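# Observations on the model geometry
Each chain is listed here by its residues.
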Amino acid sequence: MNERIKELAEQCGFRSNPNIYDRNQSFDIEKFAELIVMKCLTICEELGDKGMDGHYCADEISKTFRN
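Residues numbered from 1 in each chain as written. Predicted model: local features only at pLDDT ≥ 70, side-chain atom pairs only at ≥ 80, totals over all residues. Heavy atoms only, no water.

### Here's the deal with the environment of Thr-42
Definition in use: Secondary structure follows DSSP: runs of H or I at least 4 residues long count as helices, runs of E at least 2 residues long count as strands, and numbering of each begins at the N terminus.
Mapped onto the fold, Thr-42 is located in helix α2 (residues 29–49). For the pair Thr-42 and Ile-61, spaced 19 residues apart in sequence, the C-alpha separation works out to 9.9 Å.

The following block contains the structure:
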């Protein structure tokens, strides 16, 4: 799993350690989606402030979330 996605998933309740079982573990999929969207928006805003267009934004998002 991509490290950035793993970090965001853990913020939403996902536990990636297969040796630990928690019956009360819950994963907030809405929060996970919101965190991904917020990260993408931040990337685009930061690149836009530097005068870069959408192609740079798309490339940076791809780099962020791909292995």
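So, next bit.
### Observations regarding the state of the cysteines
Selection criterion: Disulfides are defined in this document as cysteine sulfur pairs within 2.5 Å. Per-residue accessibility, obtained with a 1.4 Å probe over protein chains only, is compared with the maximum for each type, and a residue is labelled buried under 20%, exposed over 50%, and partly exposed between these values.
Following the criterion strictly, the structure yields one disulfide and no others. Each sulfur of the disulfide joining Cys-44 and Cys-57 lies 1.7 Å from the other. One quick way to see it: the torsion about the S-S bond of Cys-44 and Cys-57 is about -45°, and its sign makes the bridge left-handed. Here the residue Cys-44 occupies a position in helix α2, and Cys-57 occupies one in helix α3 (residues 54–65), the gap between them amounting to 13 residues. On the basis of relative accessible area, Cys-44 is assigned to the partly exposed category, the value being 31%.

### Examining the confidence of the model for the protein chain
How we decide: The pLDDT value expresses, per residue, how confident the predictor is, ranging between 0 and 100.
Model confidence for the protein chain is summarised by a mean pLDDT of 86, while 82% of its residues fall at 70 or above. For the protein chain, the element scoring lowest by mean pLDDT is helix α1 (residues 3–11), at 87; α2 scores highest, at 93.

### Notes on the packing of α1 against α2
The criterion, for reference: Only the contacting stretch of a helix is used when fitting its axis, a line to C-alpha atoms as for every element, and angles between N-to-C directions run 0 to 180 degrees. If an angle is under 35 degrees, it is roughly parallel; if it is over 145, roughly antiparallel; if it lies from 65 to 115, roughly perpendicular; otherwise it is oblique. In this scheme the handedness of a crossing depends on how the near helix is turned from the far one: anticlockwise by less than a right angle means left-handed, clockwise means right-handed. Residue contacts are counted whenever heavy atoms from the two residues lie within 4.5 Å of one another.
Where α1 contacts α2, the two axes come as close as 9 Å, and the packing angle between them is 135°. By the angle between their axes, α1 is oblique relative to α2. Crossing hand, α1 versus α2: right-handed. On the side of α1, the interface is formed by Arg-4, Ile-5, Leu-8, Ala-9 and Gln-11, while α2 contributes Lys-31, Phe-32, Leu-35, Ile-36 and Lys-39.

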